[in-house]
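# Report on the structure
Each chain, letter by letter, is given below.
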Amino acid sequence: MKQRVLVWDLPLRLFHWGMAGLFGVMWFTGKQGGDWLHYHQLAGFTLATLLLFRLAWGVFGSETARFGRFLAGPRTVGRYLRGELSETEQPGHNPLGGWMVLALLCTLSLQVFSGLFAADVDSYLYDGPLATRVAGEVAERITAWHKASFDVLLVLVSLHLLAILVYRVVKRKNLVLPMITGYKAIDGQVRSLHFAPAGLALLALGGSAGVFYALLH
């Protein structure tokens, strides 16, 4: 019998959809160029703060948000691929999904933080705020990384969306709704999961904003 289990906490869900929205804004404004790059930078600053928050939440946050809980070793991945790992054992990200999350976060972090040193080679009006801290040749090289990492991100996001579609069509599982409501329908008895208090999330977010502000200045 399926049970309705709270799996994703509110801070993680807000981060997820905030990240997705900001990614779309950065994509659109980056493609437009010109004065749109001002909004591109603002979206990047906000996303950088959220990524720092996600790093902290992955260590001190709720159980299903912690990297140590959803990054599985080869044996667990093998069990999952053979269909031997039940959802009650790992109610959050499955082993492959966990590694995809890490790949997305790492690539997105490279894309966002490289943007701080990137040079606007067309007008030089919207250089990254730290571009003057490095030599011009270095800034141009980092700009190339910034653009290349975005292409890698598009591939990873496409794979992520494809996996969601496969789960919906083949396995008849909706992965989107739980990331909205926080609840999943799971067969069997699920042990009690640990959820960090909301106050800790606010503290982590404030600390992340402070760290990013200090980095810029």
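Parameters at a glance
- Residues numbered from 1 in each chain as written.
- Predicted model: local features only at pLDDT ≥ 70, side-chain atom pairs only at ≥ 80, totals over all residues.
- Heavy atoms only, no water.
- Helix = DSSP H or I, 4+ residues; strand = E, 2+ residues; numbered from the N terminus.
- Contact = heavy atoms within 4.5 Å.
- Areas by Shrake-Rupley, 256 points an atom, 1.4 Å probe, with all protein chains shown as cover.
- Lys, Arg positive; Asp, Glu negative; His and termini not counted.
- Charge placed at Lys NZ, Arg CZ, Asp CG, Glu CD.
- UniProt positions renumbered as here; feature names shortened; annotations may be inferred.
- Salt bridge = Lys/Arg side-chain N within 4 Å of Asp/Glu carboxyl O.
- Buried < 20%, exposed > 50% of the residue type's maximum accessible area, 1.4 Å probe, protein only.
- Expected span 1.5 Å × (residues − 1).
- Polar contact = N/O pair within 3.5 Å; in protein donor to acceptor, adjacent residues only side chain to side chain.
- Patch = residues over 30% accessible without salt bridge, like charges linked within 9 Å, V, L, I, M, F, W, Y side chains within 5 Å.
- Pairing = 2+ DSSP bridges.

The subject of this paragraph is the overall build of the protein. Summing up its helical and strand segments, the protein has 8 helices and 2 strands in all. Counting only C-alpha atoms, the protein reaches 60 × 35 × 30 Å along its principal axes. Contacts spanning at least 24 positions in sequence make up 74% of the contacts within the protein whose residues lie at least 6 apart. Per element, the accessible surface of the protein, about 12,400 Å² overall, is 67% carbon and sulfur. Here the protein contributes 19 positive and 13 negative side-chain charges, whose respective centroids are spaced 14 Å apart.

The UniProt entry lists residues 12-30, 42-60, 96-119, 152-170 and 193-216 under the feature "transmembrane region" (unreviewed entry), expressed in the numbering used here. Within the segment residues 42-60, helix and strand shares are 100% and 0% respectively, and the terminal C-alpha atoms sit 27 Å apart. Between the end C-alpha atoms of residues 152-170 the distance is 26 Å, and the span holds 95% helix and 0% strand.

Turning our eyes to something else, we now look at the pattern of salt bridges. Tallied over the full model, the rule gives 7 salt bridges. Put simply, Glu63 and Arg191 hold a salt bridge, and the shortest N to O gap is 2.4 Å. With Glu63 in the loop between helix H2 (36-60) and helix H3 (67-70) and Arg191 in the loop between strand S2 (183-187) and helix H8 (198-216), this pair connects stretches of sequence that are 128 residues apart. Among the residues examined, Glu63 registers a relative accessible area of 11% and is labelled buried. Of the charged contacts, one joins Arg79 and Glu89 as a salt bridge, the two residues approaching to 3.0 Å between their closest N and O atoms. Here the residue Arg79 occupies a position in helix H4 (residues 74-81), and Glu89 occupies one in the loop between H4 and helix H5 (95-115), the gap between them amounting to 10 residues. Through salt bridges that share partners, Glu63, Arg69 and Arg191 make up one connected network.

Let's shift gears to helix H1 (residues 10-32). With 23 residues, H1 ought to run about 33 Å at 1.5 Å a step, and its terminal C-alpha atoms sit 33 Å apart, in line with that. For H1, the complete set of buried residues consists of Pro11, Leu12, Arg13, Phe15, Met19, Leu22, Phe23, Met26 and Thr29. Contacts from the buried residues of H1 go to H2, H5, helix H6 (136-169), helix H7 (178-181) and H8. Where H1 starts, the residue carrying a side-chain oxygen 2.8 Å from the main-chain nitrogen of Leu12 turns out to be Asp9.

Once that is clear, we can look at the side chain of Ser149. Its location among the elements puts Ser149 in helix H6. The exposure class of Ser149 is buried, given its relative accessible area of 4%. Here Ser149 is in contact with Thr107, Leu110 and Gln111, once residues within four sequence places are set aside.

Think of an α-helix as 3.6 residues a turn; residues three or four steps apart then line up on the same face. An ideal rise of 1.5 Å per residue puts 30 Å on 21 residues; H5 measures up with 31 Å between its terminal C-alpha atoms. All of the buried residues along H5 are Pro95, Gly98, Met100, Val101, Leu104, Leu105, Thr107, Leu108, Gln111, Val112, Ser114 and Gly115. Along its buried surface, H5 packs onto H1, H2, H3, H4 and H6. Backbone nitrogen of Leu96 and a side-chain oxygen of the N-cap are separated by 3.1 Å at the start of H5; the cap is Asn94.

This brings us to the environment of Ala20. Relative to the elements of secondary structure, Ala20 occurs in helix H1. Residue Ala20 is classed as partly exposed on the basis of its relative accessible area, which comes to 37%. Between the C-alpha atoms of Ala20 and Val157, which are 137 residues apart in sequence, the distance is 9.8 Å.

A cluster of nonpolar side chains, Val155, Leu159, Leu162, Leu165, Val166, Val169 and Val170, forms an exposed patch at the surface whose accessible area comes to about 630 Å². Position of Leu159 relative to the elements: it lies in helix H6.

Going residue by residue along S2, you find Lys184 and Ile186 tucked away on one face and Tyr183, Ala185 and Asp187 left uncovered on the opposite face. Summarising the sheet, strand S1 (residues 2-6) and S2 pair through 5 bridges and their orientation is antiparallel. Of the residues in S2, the one forming a bridge with Leu6 is Tyr183.

It is worth spelling out the side chain of Ser114 at this point. Secondary-structure assignment places Ser114 in helix H5. Not counting residues up to four positions away in its chain, the partners in contact with Ser114 are Ser109, Ile142 and His146.

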